[in-house]
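A look at the structure
Listed below are the residues making up each chain.
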Amino acid sequence: MNLVILTGAGISAESGVPTFRGPDGLWEGHRVEDVATPEAFERDPLLVHTFYNLRRAKLLDGTIHPNPAHLALAKLARSKEHQLLLVTQNIDDLHERAGSPEVLHMHGELLKSRCTDCGAVTPCREDIGRSSVCPACGHIDCLRPHVVWFGEMPIGLDEIGAAISRADLFVAIGTSGLVYPAAGFVSWARQAGVRTLEINLEESAGSGTFHETRRGPAGEIVPQWVAEL
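The sections below set out a description of the structure shown in this document. (Residues numbered from 1 in each chain as written. Predicted model: local features only at pLDDT ≥ 70, side-chain atom pairs only at ≥ 80, totals over all residues. Heavy atoms only, no water.)

**Looking at the sheet that holds strand β7 (residues 121-123)**
Formally: Strands were regarded as paired on the criterion that DSSP finds at least two bridges between them. Only runs of H or I of at least four residues qualify as helices and only runs of E of at least two qualify as strands under DSSP, and these elements are numbered from the N terminus. Only C-alpha atoms enter the line fits that serve as axes; for helices the fit covers just the stretch in contact. Angles between N-to-C directions range over 0 to 180 degrees. Should any heavy atoms of two residues lie within 4.5 Å, those residues are counted as being in contact.
Within the open sheet, the three strands sit side by side as β7-β6-β8. Their pairing is antiparallel. Two strands lie at the open edges of the sheet, namely β7 and β8 (143-147), each paired on one side alone. Direction aside, neighbouring strands of the sheet carry axes that sit 45° apart on average. Pairing analysis gives three bridges linking strand β6 (residues 108-115) to β7, with the strands arranged antiparallel. Bridge pairing in β7 links K112 to P123. Strands in contact with helix α4 (residues 45-59) are β6 and β8; relative to β6, the strand with the most contacts, it is inclined by about 135°.

What follows is the structure, encoded as C-alpha cells:
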C-alpha cells in the first residue's frame with residue numbers, strides 16, 4: 001500500500017511536548033505574532049532566540065521521549081510491505097528518535113539552524129544568538145532557527161502533493177485541521193480519489209472531510225491501526 005501520513009502536535013503532546021497554541025491563543029505564554037513571524041525576528045531577535053533556545057533545551061533535557069505512536073510509525077516506515085511518506089508539522093525530532101528513516105519536516109526542525117546570509121542549514125543542539133557564527137560561511141549575527149514561521153512557505157509542498165496524488169491512503173494523526181496548507185491535504189487527497197483516515201483525540205476542524213475517523217490517544221490508536229495493516 002502507498003501511504004502518506006501527516007502528524008501534528010497531538011502526537012508529540014503525548015510525549016510532553018507543548019502543543020503549538022493553547023486555548024488562550026498563546027504559545028507557551030507568548031503571542032504567536034511575537035515569536036513565530038519574520039517580522040518578530042526582525043523586531044526583537046533576542047526574544048525570538050530566547051524562546052527557541054528554551055524549547056530546544058527542553059527537547060534535549062532527557063524528559064521527552066518518543067511514545068508508542070512514534071514507535072509504531074517507525075516500524076511501519078521500515079516495513080517493506082508498504083511505501084510511506086511520513087510528513088510532520090512538528091519541529092521536534094521524536095520520529096527520528098523512534099527510528100523513522102526519513103521524515104519530511106514541513107515546518108522545519110528545532111535542532112537545526114539556518115544562515116540568513118548563505119542559506120546553509122546545519123545541526124544545532126545549543127543556544128544560538130546574535131553572536132553565533134555560521135559554521136558554513138563564518139559570518140556573525142546571521143543564524144536563525146530552521147523553523148517555518150507564519151508568512152513563510154512550508155517545506156516540500158510539491159513533494160507532498162505529488163505523493164498524495166498517487167497514494168492509496170492519506171492519514172492525519174493528531175492534527176487540529178486549522179493550520180494551512182496542511183489542513184488542506186485531506187481535500188487534495190479526496191480530489192485525487194484517495195481514501196482518507198483521521199486519528200485524533202477529539203474532533204478537529206477537518207474531521208467531517210475524512211472518509212473515516214478514529215478517536216482516542218495516538219499512543220493507543222496508532223499502534224492498533226499499524227497492527228491491522
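**With respect to the packing of helix α5 (residues 68-78) against helix α9 (residues 218-228)**
What counts, and what does not: Roughly parallel means an angle under 35 degrees; roughly antiparallel means over 145; roughly perpendicular covers 65 to 115; every other angle is labelled oblique. It is the rotation of the near helix from the far one that decides the hand of a crossing: anticlockwise by less than a right angle makes it left-handed, clockwise makes it right-handed. In the scheme used here, Gly and all other residues not listed as nonpolar or charged are polar, with Ala, Val, Leu, Ile, Met, Phe, Trp, Tyr, Cys and Pro taken as nonpolar and Asp, Glu, Lys and Arg as charged.
In the contact formed by α5 and α9, the axes pass within 7 Å of each other and the chain directions differ by 20°. Comparing the axis directions of α5 and α9 gives the class roughly parallel. Where α5 crosses over α9, the handedness of that crossing is left-handed. Residues P68, A69, A72, L73 and L76 of α5 form the contact with α9, whose own contacting residues are A218, G219, V222, P223, W225 and V226. Split into classes, the residues belonging to the contact of α5 with α9 amount to ten nonpolar, one polar and no charged.

**Brief notes about the packing of aromatic side chains**
The test is simple: Note on ring pairs: Phe, Tyr and Trp rings are taken, using the six-membered ring of Trp, and paired if centres are within 6.5 Å. Classes follow the plane angle, with under 30 degrees stacked, over 60 edge-to-face and the rest tilted. Exposure categories follow from relative accessible area, calculated using a 1.4 Å probe and restricted to protein chains: below 20% of the type maximum is buried, above 50% is exposed, and the middle band is partly exposed. Criterion for a charge above a ring: Lys NZ or Arg CZ within 6 Å of the ring centre, and within 35 degrees of the ring normal.
Across all of its chains, the model carries five aromatic pairs by this definition. With centroids separated by 6.2 Å and ring planes inclined at 45°, the aromatic side chains of Y52 and W149 adopt a geometry described as tilted. In this pair, Y52 sits in helix α4 while W149 sits in the loop between β8 and α7 (157-165), placing the two residues 97 residues apart along the sequence. Each member of the pair, Y52 together with W149, is buried. With 6.4 Å between their ring centres and 15° between their planes, F170 and F210 make a pair best called stacked. In this pair, F170 is assigned in strand β9 (residues 169-173) and F210 in the loop between β10 (195-200) and β11 (212-215), connecting sequence segments 40 residues apart. Under the relative-accessibility criterion, F210 is labelled buried at 11%. What links up through ring pairs into an aromatic cluster is the set F41, F51, Y52 and W149. The ring of W149 is capped by R144, whose NZ or CZ atom sits 3.8 Å from the centre of that ring.

**Here's the deal with the sheet that holds strand β5 (residues 104-105)**
The strand order β5-β4-β1-β9-β10-β11 describes an open sheet built from six strands, whose pairing is parallel. Single-partner strands in this sheet number two, and they are β5 and β11. Where β10 and β11 come together, four bridges link them in parallel fashion. Counterpart to I199 in the pairing with β11 is R214. Running at roughly 140° to strand β4 (residues 83-88), α7 makes contact with β1 (2-7), β4, β5 and β9 of the sheet.

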